[in-house]
Number of protein chains: 2
Amino acid sequence: MEKWVYNFGSGETEGDATMRELLGGKGANLAEMSQIGLPVPPGFSISTEVCTYYYDHERSYPERLATEVDAAITAVETKTGLKFADPENPLLLSVRSGSRASMPGMMDTVLNLGLNMDVVKGLAAKTGDKRFAWDSYRRFIQMYSDVVLGVDHGLFEDALEQKKDTRGIYDDVDLTGDDLEALVGEYLAIVEEETDAPFPSSPREQLWGAIGAVFDSWMNQRAITYRRLNNIPASWGTAVNVQSMVFGNMGDDCATGVAFTRNPSTGENMFYGEFLVNAQGEDVVAGIRTPRNLTREERMASGNEELSMEEEMPEVFQQLAETRTILEKHYRDMQDIEFTIQQGRLYMLQTRNGKRTAEAALRMAVEMAEEGLITRDEAILRVDASSLDQLLHPALDPSAEKTMFLRGLPASPGAASGKVVLTADKAEEMALAGHNVILARVETSPEDIHALHAASGILTARGGMTSHAAVVARGMGRACVCGAGDVRIDDDAAQVHIGNQTVAAGDIITIDGGTGEVFLGAVPTIQPQLSGAFGTLIGWADEARRMNIRANAETPLDAKTARDFGAEGIGLSRTEHMFFDTDRIIAMREMIMASDTAGREKALAKLLPMQRDDFAELFRIMAGLPVTIRLLDPPLHEFLPHSAEDLADVAEAAGVSVRVAKERSLKLAENNPMLGHRGCRLAITYPEICAMQARAIFEAAAVVQKEGADAIMAEIMVPLAATAREVEICRKIIDDTAKAVEAETGVTFTYMVGTMIELPRASLVADQIAEEAEFFSFGTNDMTQTSLGISRDDAGQFLRDYAEADIYPVDPFVSIDIEGVGALVAIGAERGRKTRPNIKLGICGEHGGDPASIDFFEEVGLDYVSCSPFRVPVARLAAAQAAIKAKSST
Amino acid sequence: MEKWVYNFGSGETEGDATMRELLGGKGANLAEMSQIGLPVPPGFSISTEVCTYYYDHERSYPERLATEVDAAITAVETKTGLKFADPENPLLLSVRSGSRASMPGMMDTVLNLGLNMDVVKGLAAKTGDKRFAWDSYRRFIQMYSDVVLGVDHGLFEDALEQKKDTRGIYDDVDLTGDDLEALVGEYLAIVEEETDAPFPSSPREQLWGAIGAVFDSWMNQRAITYRRLNNIPASWGTAVNVQSMVFGNMGDDCATGVAFTRNPSTGENMFYGEFLVNAQGEDVVAGIRTPRNLTREERMASGNEELSMEEEMPEVFQQLAETRTILEKHYRDMQDIEFTIQQGRLYMLQTRNGKRTAEAALRMAVEMAEEGLITRDEAILRVDASSLDQLLHPALDPSAEKTMFLRGLPASPGAASGKVVLTADKAEEMALAGHNVILARVETSPEDIHALHAASGILTARGGMTSHAAVVARGMGRACVCGAGDVRIDDDAAQVHIGNQTVAAGDIITIDGGTGEVFLGAVPTIQPQLSGAFGTLIGWADEARRMNIRANAETPLDAKTARDFGAEGIGLSRTEHMFFDTDRIIAMREMIMASDTAGREKALAKLLPMQRDDFAELFRIMAGLPVTIRLLDPPLHEFLPHSAEDLADVAEAAGVSVRVAKERSLKLAENNPMLGHRGCRLAITYPEICAMQARAIFEAAAVVQKEGADAIMAEIMVPLAATAREVEICRKIIDDTAKAVEAETGVTFTYMVGTMIELPRASLVADQIAEEAEFFSFGTNDMTQTSLGISRDDAGQFLRDYAEADIYPVDPFVSIDIEGVGALVAIGAERGRKTRPNIKLGICGEHGGDPASIDFFEEVGLDYVSCSPFRVPVARLAAAQAAIKAKSST
């Protein structure tokens, strides 16, 4: 028989910390604290399965739920010696949501549930504190009406303010019991006025109202948005925690507070928190009264005059300090706790792993490992690999005032301020003149590469996390906010419109590529400080990981950055990026405009020495490490200008008539360039391009080897193959060229020819392809586009709806879609190894820098991942985490 | 040890008809005829494996080949009692190519090999016929020089003509032995002049020269082109057949001829052929002398005066007629034979299954089955299913004179003449005015649908076999030639340019969609005659097949055509085609321009009754048969006009400003529409569209069921799903709508909700999708695009190179790519059945009408294929063939 309700507190406890899927985080930890003997007010959790049932059955409950809740209340009554709905000896309850993942603010808490006109009087009589009783009732009505009945809480606040005005007092605490009794009358009238029904007086009805409100809140807009932003599936559901009330507001021997077992900002090993005497928990949060420090040390540091808890309540502080130690030892992590002191007695209301800054996480992990609290492996697992990005880029000064006016996708981390410019050339010009610029564009294309480089930050209206702007920005370490769909960029007027707001070219804005936020004006930024903990942890990670980490890089700067960040080779050098420089694009276009092989060869001969120099430089920088060079990949029309004017210039430069240039351009235009004449299809139709690139690679290798370098480890990569035959044809061109250059130079080369596996067909016939390819590099960007049938440039139109509808809860361009794309990677790896057991397997899509994807690549057993230079530290840590997880799961 | 050479003739024969892969068709059949005791001049075949070796080893031969050839020549010498290179008793040889598939004209034959100055004199002495000997040598020099040495044969012909002029004679036969001896001297001088070397006098050198020339001819341009056009892989290679010469030109008791065992044009069961007395085989082909009829009956029918072979050589004719019967009984098929009569003795030089017209193939298959020569299953297999297309469409009159000026892709069969028009509206206007029109466009889009319908034929410059124009034309049974890349269409000048030729709008052209040819002027066409044999065979096929055949249809006309051709339901009704009518497109655009759900719903409400009527009509026509309706599939921008002017009209009609219309249009534009916001993604983001369509379907079903029809079998299809969740969401909308309409109308519906499986991911997670989908329809068009990463609209740029390079020997949009796309279909079918064992599986891509693909779908065990209405008979026959093949392979 299914069980829907789990008791906790005072010995008899049915759950523990391992049951967070069923009980939610809060419920599981309340049970766990009970299990280890900490003082937890008794209560029970209604499991997340009830939530699932509720939504699967048109918001109704399982049959036996009511019976189980009744039994659980009886258990709480027994443990507390109180009785629910009994005016003589009333049990009051709190009702809180609690899902598997923390979702702050999803639903407000309901406290003091169980009060009505009879019970409030009984409570006054029993405690001898009329003010306390009526204040509790007042608070309850306000919370319940707000949270459960949907009454605007402003109405209650107005009534309270008016009451204080009438009575001529300033502070809530100066209201008497009688004042509050009168106020309760007004509150009840407000509820009846607003809801056309009296405030529910039956505690049982109150309880079910609150339970229903918690479940309903799971699907409110706030929760949906929060889940979307945090990749939490809607299917998890929330639990409901019902707990007996303890009161921090029954007098001056009462208090309530929150604390962290270590400093969550810096990670320093010190007890850190705040408390309020004679208050309920909500008062701490509400900020009506200023909370006091927990420890004397903290008070001295912050210069507060009011005594700390350590000084004011030394005994119960001592108990709390011991609890801190118990909890850290037990949970082996920094805890974020809530407590209440009722008449000198400590009650624990919550514990959970505390949120922390990236910097703090790093320091705590390293220090806890050094203290022996956790192992090195645990320390490695403790730090969110993605968060390292924060430590490598400038961040907004958290104390700065700022006006957000737009939110887009957090496409490349870091914060940057600068003047808005709308054109690529202007960006470069202004940057050269010493200005910081933010390039704002509908979208960017490879033509803009110099502008992306010149800009401090990039803002685009279209395109997702793997759009051109995003990929290039991450590669260059530039801050980037993409897909800010509400932006209209008016090039003619040189203005950017967002709703009614307008930013003119030259105005200063600030973007935060880590959050996707855009601010008016310059917001001060702070430079990252890499602590010693960073070096320690990444060192441990390097020892723990199995996969190699390479970088995607083609410029000398990128390659140097990659090496500095610890890359163990280049996993993807996109040779086409080398063709966009001003002097090269002319030869490239001449090649495109040529009407025959001879014409193309003539133009290619001009490109050859430039490519050779590029490769030589890469080989020098990456000396001793493998360098994967991908043959020309994009369709040729990407190298042509868009405007008729520019095309005329091209025609002139290429020595053809404007009509011929136009016709050639039209002929090259494609309906779906992503699926067009690109990749190795270029090498098949224009073998001379492949031959030129191969020659540039080998001539460069000869030059550098003659300089005395170690043998160059070139891995030449054929893009977009779907058949073994394509690789075979390209391989022959490459091998023939290698032989020719060896004969010409007398140098012997070590190199491999391999292929991208980026089409579904390629994975399916990987056994055949491995006959020709010595290595595979999975191109999971394109494979995501083809397997899912989603163009990453166009996905913005629906991917958000898809996330909200739980179709792709996580953007498949950010984290690999394991069931689809992942399955193809696994098939490709397995079939490739069947033919060539030692085939080298890597991945060079954007997923190479994503920790969740890296986990998967570890499972599949790839040899390396390759990512943007700035993601290399993230990948090093993530690969270590993946290896540790894989080890422990076997 | 490998064996390279196989002997045949006179008893000792090492091959047979089953060995065509190794020996080529000609060699295998020469061996087979020897095996069954027919008189075949002895010889040997050098196997196709030598050809493969030759190209794998830089055009060199296997080591033991020379030894084996020498042994084989010795064997021929023993059998014939002659001796190669021996002037006293010379053995002369013929050398012919012969590949697995017939490749007529790939290489000319070399006859009389083995002659030189010594041998020719010996031959003259031995035969006592100087003229014969020197004529043989003359012919040999000319053939060998042309085929092996590459000397222009015109030079020899000039010398011959000059000789005749000098001698004042008209006919070759009047040249004397001395004339010919002199001519040989001139020929030898020509060769030495042209090649800078004397003509080879060593018979052995001659032989190896001829063998090499045959192998080299495998890769000549003619052969490459022929293979590409006929989908013959280059890897098959050719065999070389070396055979002892027999002479039809040794006197009047000699002859040579060719014959068909039945009439290859009509299929009639009569002996049919022609012969020449005192001639070599080449003379029949060359057409210098007019051949005579084989039978008296034929001669009478054609009114020839010269005696037939039956009359002139009754004895040897009788032997030939018996051979005819033996061969038909043995091969159980119509044979195309070559024979030579040397001094009254019959020799068989070739037999092969005869080529025949589609009409003849049909008649022969049915009659042979009725004669008991073959089984019904064999009769079914005997007819090329694709050829039925020829029988259903007008064809060019083969006797008409015509001027071809262009060749494109044969995109939709049939021939049509008409005036060239360049715009859609003009096409409709002129067609309404009673003209036949050929619509000539760069490419077509859904906006042009009315013009495609109005035109007799369509010619496009871009797009492949599955481009919009091609697909629509096949669906409508219109002739279509696509991707005629050399065409430039100049809309401004209203002219079509091809190279230097210009066709103006209004000029008449003729297109043949079955061959891709385009002709100037009107070429007369002949209407197809469906014989009784067609009905008989298709009836047998229906009994033999397992799969159902459905049609892709959305208009009432298409649906009626489909039923007439025997479709057993509609497998794909593309609802978007219904939105392009003039009155509907306005409402559609209004919907697209709406800024919110309410606005969209208002516009959709206008479309609802129109869709309802469409569906009602389809349901009526297909009464009792299943109708698969696909929800809206194309991206919304396809419904918007391209020009700024038209967009302004749309803005006005939709009641929005031009600026808003422009912005909306820009926002909808996509880089890769194929991978964009389309398919069920529309239903997810705009559920109201899905709801409207579902309502139209069910309201239509209610109307038609109330009219008294059988329960409508609607199968509602969700396009482009990649996840189970998408189907679940659409399914809920559809089910809810069904319930609502049931409640409103009191009618109960039988329907299924299923999905297209057209993305690789969908196949991989088909087990999950089958939880939600009651049927799958594999959309192999889109799955080919995504799996192979090839946009069918853009593939024209490289697919021809890909065919030539043997990467995709067959266009994967015409015949399914079994290893890639096929693997995904198989995975999808298997995983779908795992979840839902009785899931209905079909296919509705263009492959549904392709016999090779249908074979594969039978293997996978699909329940049905769906194709264009005009392909239904093809599919019925192909499905039967597939079922028979499957049965016999188990």
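Basis of the calculations
- Residues numbered from 1 in each chain as written.
- Chains lettered and ligands numbered in written order.
- Predicted model: local features only at pLDDT ≥ 70, side-chain atom pairs only at ≥ 80, totals over all residues.
- Heavy atoms only, no water.
- Patch = residues over 30% accessible without salt bridge, like charges linked within 9 Å, V, L, I, M, F, W, Y side chains within 5 Å.
- Areas by Shrake-Rupley, 256 points an atom, 1.4 Å probe, with all protein chains shown as cover.
- Salt bridge = Lys/Arg side-chain N within 4 Å of Asp/Glu carboxyl O.
- Lys, Arg positive; Asp, Glu negative; His and termini not counted.
- Charge placed at Lys NZ, Arg CZ, Asp CG, Glu CD.
- Helix = DSSP H or I, 4+ residues; strand = E, 2+ residues; numbered from the N terminus.
- Pairing = 2+ DSSP bridges.
- Axes fitted to C-alpha atoms, helices over the stretch in contact; angles between N-to-C directions.
- Contact = heavy atoms within 4.5 Å.
- Core = buried A, V, L, I, M, F, W, Y, C linked by side-chain atoms within 4.5 Å.
- Buried < 20%, exposed > 50% of the residue type's maximum accessible area, 1.4 Å probe, protein only.
- Buried area = accessible area lost by both parts, 1.4 Å probe.
- Phe/Tyr/Trp six-rings, centres within 6.5 Å; stacked < 30°, edge-to-face > 60°.
- Lys NZ or Arg CZ within 6 Å of the ring centre and 35° of its normal.
- Expected span 1.5 Å × (residues − 1).
- Polar contact = N/O pair within 3.5 Å; in protein donor to acceptor, adjacent residues only side chain to side chain.

Colleague: What is the right way to read a negative patch on the surface from this model?
Modeller: All names here are of chain A. On the surface, a cluster of negative charge is made up of Asp 152, Glu 157, Asp 158, Glu 192, Glu 193, Glu 194 and Asp 196. A per-element tally of the negative patch places helix α7 (residues 177–195) first, with 3 residues. With respect to the secondary-structure elements, Glu 192 resides in helix α7.

Colleague: What am I meant to see in the sheet that holds strand β2 (residues 43–46) of chain B here?
Modeller: Backbone-to-backbone hydrogen bonds pair the strands of a sheet. The strands run either parallel or antiparallel. Residues and elements named next belong to chain B. Pairing is antiparallel in the open sheet, where 5 strands are placed in the order β1-β2-β7-β5-β6. On the outer flanks of this sheet lie β1 (5–8) and β6 (110–113), each paired with one strand and no other. The average undirected angle you get between the axes of adjacent strands in this sheet is 25°. As defined by bridge partners, β2 adjoins strand β7 (residues 238–244) across 4 bridges and the pair is classed as antiparallel. Of the residues in β7, the one forming a bridge with Phe 44 is Val 242. Along the sheet, helix α3 (residues 65–80) contacts β1, β2 and β7; its crossing angle with β1, the most-contacted strand, is approximately 5°.

Colleague: Is there a simple way to think about the nonpolar core in this case?
Modeller: Burial of nonpolar side chains together is a common tendency in soluble globular proteins. Ranked by internal contacts, the top residues of the largest apolar core, which has 336 residues, are Phe619(A), Phe776(A), Phe619(B) and Phe776(B). The contact partners of Phe619(A), leaving out residues within four places of it in the chain, are Val627(A), Ile629(A), Ile697(A), Ala700(A), Ala701(A), Val704(A), Ile712(A) and Ala714(A).

Colleague: Please explain the pairing of strand β11 (residues 335–342) of chain A as it appears in this structure.
Modeller: Put simply, side chains in a regular strand alternate between the two faces of the sheet. Residue and element names in this part refer to chain A. The buried count for β11 comes to 7 of 8 residues, which makes it a mostly enclosed element. When strand β8 (residues 255–260) meets β11, the two strands line up antiparallel, connected through 6 bridges. If you follow Phe 260 over to β11, its bridge partner there is Asp 336. Here β11 pairs with strand β12 (residues 345–353) via 8 bridges, running antiparallel. Paired with Ile 337 across the bridge in β12 is Thr 351. In sequence, β11 turns back onto β12 through a hairpin of 2 residues, with Gln 343 there showing a positive phi of about 50°.

Colleague: How do you make sense of the interface of chain B and chain A when you look at a structure like this?
Modeller: Across the contact, 54 residues belong to chain B and 55 residues belong to chain A. With both chains or domains summed, chain B and chain A bury close to 4600 Å², and 51% of this area falls on carbon and sulfur atoms. Among the residues of chain B in contact with chain A, Asn671(B), Leu675(B) and Arg761(B) are the three that bury the most area, contributing 14% of the side total. The interface formed by chain B and chain A holds 4 salt bridges in total. The shortest N-O distance in the salt bridge between Arg761(B) and Glu819(A) comes to 3.4 Å. Among the elements of the structure, α25 (658–668), α26 (680–685), α28 (724–745), α29 (760–764), α31 (780–788), α32 (799–804) and α33 (818–835) of chain B are those that each provide at least two residues to the side of chain B that touches chain A. Per-element accounting of the side of chain B that touches chain A gives the leading share, 5 residues, to α33(B).

Colleague: Sorry, what's going on with the packing of aromatic side chains here?
Modeller: Describing an aromatic ring pair means giving the distance of the ring centres and the angle of the ring planes. Considering all chains together, one arrives at 46 aromatic pairs over all chains under this definition. Judged by centre distance (5.4 Å) and plane angle (55°), the rings of Phe140(A) and Tyr144(A) are tilted. Residue Phe140(A) and its partner Tyr144(A) are located together in helix α5 (residues 130–149), separated by 4 residues, close to a single helical turn. Comparing Phe140(A) with Tyr144(A), the two get one shared label, buried. Pairing Tyr54(B) with Phe215(B) gives two aromatic rings, centres 5.4 Å apart and planes at 35°, and the pair type is tilted. In this pair, Tyr54(B) sits in helix α2 (residues 48–56) while Phe215(B) sits in helix α8 (residues 203–217), placing the two residues 161 residues apart along the sequence. An aromatic cluster of three or more residues is present, and its members are Tyr54(A), Tyr55(A), Tyr61(A), Trp208(A) and Phe215(A). Across from the ring centre of Trp236(A), 3.9 Å away, lies the NZ or CZ of Arg100(A), which sits over that ring. Over the ring of Tyr6(B) we find Lys3(B); its NZ or CZ atom is 4.8 Å from the centre of that ring.

Colleague: Teacher, can you tell me more about the pattern of salt bridges here?
Modeller: Working definition: two side chains of opposite charge can pair if their charged atoms are close together. Residues and elements named next belong to chain B. Taken as a whole, this structure holds 114 salt bridges over all chains when the rule is applied. Glu 68 is the partner of Arg 64 in a salt bridge, and the nearest nitrogen-oxygen pair spans 2.8 Å. The partner of Lys 840 in a salt bridge is Glu 715, and the shortest N-O contact between them spans 2.7 Å. Of this pair, Lys 840 sits in strand β32 (residues 840–843) while Glu 715 is found in strand β29 (residues 713–718), placing the two residues 125 residues apart along the sequence. Here Lys 840 falls in the partly exposed class, since its relative accessible area comes to 23%. In this structure Glu 715 comes out as buried when scored by relative accessible area, which is 3%.

Colleague: Mind showing me how you'd approach helix α6 (residues 153–167) of chain A here?
Modeller: Residues and elements named next belong to chain A. Taking 1.5 Å as the rise per residue, α6 with 15 residues should run 21 Å; its terminal C-alpha atoms sit 21 Å apart, in good agreement. Residues Gly 154, Phe 156, Ala 159, Leu 160, Lys 163 and Lys 164 constitute the buried set of α6. Among the structural elements, α5 and α7 are those in contact with the buried residues of α6. For α6, the side-chain oxygen to backbone nitrogen distance between the N-cap and Gly 154 is 3.0 Å, and the N-cap itself is Asp 152.

Colleague: How do you make sense of the sheet that holds strand β27 (residues 570–574) of chain B when you look at a structure like this?
Modeller: All names here are of chain B. Read around the closed barrel, the 8 strands follow the order β26-β27-β28-β29-β30-β31-β32-β33; overall the barrel is parallel. The average undirected angle you get between the axes of adjacent strands in this sheet is 25°. In the packing of α33 onto the sheet, the strands contacted are β31 (775–778) and β32, and the crossing angle to β31 comes to about 180°.

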